[in-house]
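# Residue-level structure breakdown
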Amino acid sequence: IIKANASQGQQDTPDLRNRVREVLIRNELLSQEATKKGLDKTPEFQTQMELNRQDVLVNAFIQDYIKNNPIGDDLVKAEYDRARGQAGDKEYKARHILVKDEAEAKQIIAQIKKGGSCEKSAAQKSEDPGSKDKGGDLDWAPGGRYVPQFSDALKKLKKGQMTDAPVQTQFGWHVIRVDDERSMKFPDIDQVKAQIVQGLQRQAVEKLIADLRSKAKVE
């Protein structure tokens, strides 16, 4: 328990040890009373114990797999380069209006070109709940954060420019405008190495589970 608390940033102090001691005493006393009442013999208890056993075993297996399949620096570097290349060297402060119909998107573009407000159109017509109430504002983000069709259209626009035609993605039809752009400083690899390793570990575990599932006979 002390180690678990330490891993969460709590210092190993006499106060922490006293609190842990009280928790252990409390749990032991209650466990003894529950055993006296025969609660450890009930079907519900046995089922819960088996589920807890599975959870512990699963976690132990995953930790053992990660320990015996370390992520090499070459994989970290490759993932870093991939993410850096995908992000690009610019950040964009973009605004968009999302609708489901291409004709409606074209109509919105025409209205804005005649002097209509992009912000008001977004607030009234956009189906993106995350940006609708902000006039379609997506805040600062690298182009690589968006789906490819949106990102490609974004990178072709200059500051203050709007798409002449709607951009289709799996979400619908977008009217996109770039309000501003700036150079992006990508973090050094040492600053993000731990995050990259964790991400690659998750991918490796997910692949392992998928492989085991493909070979298993599930009834």
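Anyway, here's the lowdown on the structure attached to this text. Numbers given for residues are sequential positions, taken from 1 along each chain in its written order. In keeping with the predicted nature of the model, local features appear solely for residues at pLDDT of at least 70, side-chain atom pairs appear and are counted solely at 80 or more, and the whole-chain, interface and lining totals rest on all residues. Excluded from the side-chain calculations are hydrogens and water; all other atoms, namely the structure's heavy atoms, are used.

## Overview of the sheet that holds strand β2 (residues 137–142)
Ordered in space as β2-β1-β4-β3, the four strands form an open sheet in which the pairing is antiparallel. What marks the edges here is a single partner per strand, and that holds for β2 and β3 (167–169). Sheet twist, expressed as the average angle between the axes of neighbouring strands with direction ignored, equals 45 degrees. The pairing criterion for strands is at least two bridges between them, as found by DSSP. Each helix is a run of H or I in the DSSP string that is no shorter than four residues. Each strand is a run of E no shorter than two, and both are numbered from the N terminus. Alignment of strand β1 (residues 90–99) against strand β4 (residues 172–183), held across ten bridges, turns out to be antiparallel. In the sheet register, His96 faces β4, and the bridge partner there is Ile176. On the sheet, helix α7 (residues 148–156) packs against β1, β2, β3 and β4 and is oriented at approximately 155 degrees with respect to β3. Angles shown run from 0 to 180 degrees and are taken between the N-to-C directions of axes, each axis being a line fitted to C-alpha atoms and, for helices, limited to the stretch in contact. By definition, residues are in contact when any of their heavy atoms lie within 4.5 Å.

## Details of empty space enclosed by the protein
Every definition here rests on a 1 Å grid over the protein atoms only: cavities are sets of points where a 1.4 Å probe fits but cannot get out, pockets are open sets enclosed by protein on both sides within 12 Å along at least five of seven lines, and lining residues have some atom within 4 Å of a point. Grid points are joined across faces, edges and corners, and a volume is the space filled by probe spheres set on the points. Counting across every chain of the model gives one cavity of 30 Å³ or more. Quantified by volume, the largest cavity comes out at close to 30 Å³. For the largest cavity, the full set of lining residues is Tyr65, Ile66, Asn69, Ile71, Gln201 and Ala204. Mapped by element, the contributors of at least two residues to the lining of the largest cavity are α3 (43–68) and α8 (189–215).

## Overview of helix α4 (residues 73–87)
A helix is expected to reach a length of 1.5 Å times the quantity of its residues less one. When the terminal C-alpha atoms of α4 are compared, their 21 Å separation across 15 residues agrees well with the 21 Å that a helix rising 1.5 Å per residue should span. Taken together, the buried positions of α4 are occupied by Val76, Glu79, Tyr80 and Ala87. Looking straight down α4, one finds that the buried residues subtend no more than 105 degrees of arc, so they occupy a single side. Seen from the buried face of α4, the exposed residues on the opposite side, beyond 90 degrees, are Asp74 and Gly85. Against β1, β2 and α8 lie the buried residues of α4. Just past α4, the residue Gly88 takes up positive phi, approximately 80 degrees. For every residue, the accessible area (1.4 Å probe, protein chains only) is compared with the maximum for its type, and the residue is labelled buried under 20%, exposed over 50%, or partly exposed between those bounds. Here, the arc refers to the directions that run from the helix axis to the C-beta atoms.

## Focus on the packing of α3 against α8
Packing of α3 against α8 brings their axes to within 11 Å, and their N-to-C directions diverge by 115 degrees. Classified by chirality, the crossing of α8 by α3 is right-handed. In this structure, α3 contributes Phe61, Ile62, Tyr65 and Ile66 to the contact, and α8 contributes Gln201, Ala204, Val205 and Leu208. Considering only residue class, the contact of α3 with α8 consists of seven nonpolar, one polar and no charged. Left-handed describes a crossing whose near helix is turned anticlockwise from the far helix by less than a right angle; the clockwise case is right-handed. Throughout, the ten residues Ala, Val, Leu, Ile, Met, Phe, Trp, Tyr, Cys and Pro are labelled nonpolar, Asp, Glu, Lys and Arg are labelled charged, and all others, Gly among them, are labelled polar.

## Examining the layout of surface pockets
Any empty space left between the atoms is revealed when a probe the size of a water molecule rolls over them. Reported here for the largest pocket is a volume of approximately 250 Å³. What lines the largest pocket is a set of 14 residues, among which Arg82, Ala83, Gln86, Ala87 and Phe186 lie closest to the centre. Secondary structure elements with two or more residues in the lining of the largest pocket: α4 and α8. Ranked by residues supplied to the lining of the largest pocket, first place goes to α4 with six residues. Considered class by class, the residues forming the lining of the largest pocket number eight nonpolar, three polar and three charged. The wall of the second largest pocket is formed by His96, Leu98, Glu127, Asp128, Pro129, Leu138, Tyr146, Val147, Phe150, Phe171 and His174. For the lining of the second largest pocket, the residue count by class is seven nonpolar, two polar and two charged.

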